[in-house]
Amino acid sequence: TAMGGSSPVLTELGAYQSIPDTGWTDTGTVTHVAGVHTFSVASAGDSAALRSTIVDPFIQGVEIVGRLDFTTGVPATSTWAAFGVVNAARSYGYIVQAIEDGAVQMYWANGGGWAFLTATGGGAVNLTANTAWLRLVITPSYVATYYATGSARPARGGWTKLGSATTNADLLSNGTLDQIAIYAGRTASGSGTYTVAWSDVTYRPMVGLVG
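Rules of the game
- Residues numbered from 1 in each chain as written.
- Predicted model: local features only at pLDDT ≥ 70, side-chain atom pairs only at ≥ 80, totals over all residues.
- Heavy atoms only, no water.
- Helix = DSSP H or I, 4+ residues; strand = E, 2+ residues; numbered from the N terminus.
- Buried < 20%, exposed > 50% of the residue type's maximum accessible area, 1.4 Å probe, protein only.
- Contact = heavy atoms within 4.5 Å.
- Areas by Shrake-Rupley, 256 points an atom, 1.4 Å probe, with all protein chains shown as cover.
- pLDDT = per-residue confidence, 0-100.
- Pairing = 2+ DSSP bridges.
- Polar contact = N/O pair within 3.5 Å; in protein donor to acceptor, adjacent residues only side chain to side chain.

Another aspect to go through is the overall build of the protein chain. Along its length, the protein chain carries two helices and 15 strands. A burial count over the protein chain gives 48% of its 211 residues as buried. The long-range share in the protein chain, meaning contacts at least 24 apart out of those at least 6 apart in sequence, stands at 64%. A total accessible area of about 8,700 Å² is found for the protein chain, and carbon and sulfur atoms account for 51% of it.

Attention now moves to the confidence of the model for the protein chain. The pLDDT averaged across the protein chain works out to 85; a share of 85% of its residues lies at or above 70. Of all the helices and strands in the protein chain, helix H1 (residues 8–13) carries the lowest mean pLDDT, 45, while strand S3 (residues 29–33) carries the highest, 97. In this model residues 1–11 is a low-confidence stretch, pLDDT under 50, and it forms 12 contacts with partners more than four residues away in sequence or in other chains.

Taken across its eight residues, strand S7 (residues 79–86) has seven buried, putting it largely inside the fold. The pairing of S7 with strand S8 (residues 92–99) spans seven bridges and is antiparallel. Considered in S8, the bridge of Ala-82 is made with Gln-97. Linking S7 back to S8 in an antiparallel pair, the connection comprises five residues, with Arg-90 at a positive phi of about 55°.

Bringing the side chain of Gln-97 into the picture now. Residue placement: Gln-97 occurs in strand S8. Taking relative accessible area as the criterion, Gln-97 reaches 8% and is therefore assigned buried. Among the polar contacts listed, one links the side chain of Gln-97 to the side chain of Gln-105, at a separation of 2.7 Å. Setting aside its immediate chain neighbours within four residues, Gln-97 contacts Trp-80, Ala-81, Ala-82, Ala-103, Val-104, Gln-105, Tyr-107 and Leu-134.

Pasting the structure below:
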């Protein structure tokens, strides 16, 4: 079916739905207030929030979108802010993240550490001047990531595709991808504390491809 305005695929996507402030399991310094999830991270720190997925991404598929703001400025070194679909230990799953130089990266894990899939160059998102938006689409057959900038959530055609990969069968068959995760981190090369705010974290179930 063509992906035009009358497409039955688009009709069945429905509206974005906000993920509530409640029901999160937090690690580190995290607050959830009025739809804003705030993470404070010190040197060699990691603050994370996990929540059981609201829809099963492997029956129809799910699209997850989040808005990212570095509210205390962007550290100069070794910093990241990510979200994705993972297991409770964050040892399996897929994530999309922005790092300190404005590069956007895609990773996956199958129990043996996080493996790099693809990335932009630095400056893909300007974290000091614009809000960054990240988007993850995951289905039984593929996973894709996107990014954008601006104050409002991008329209359908406003996203830049980062990359895609075939969904790993082991992750599906083991039922391990049952958590939505949003977090921020920093290696020991950084100093001081920075704060990241994730907001407008929304999802929608889907059938078929979303470009």
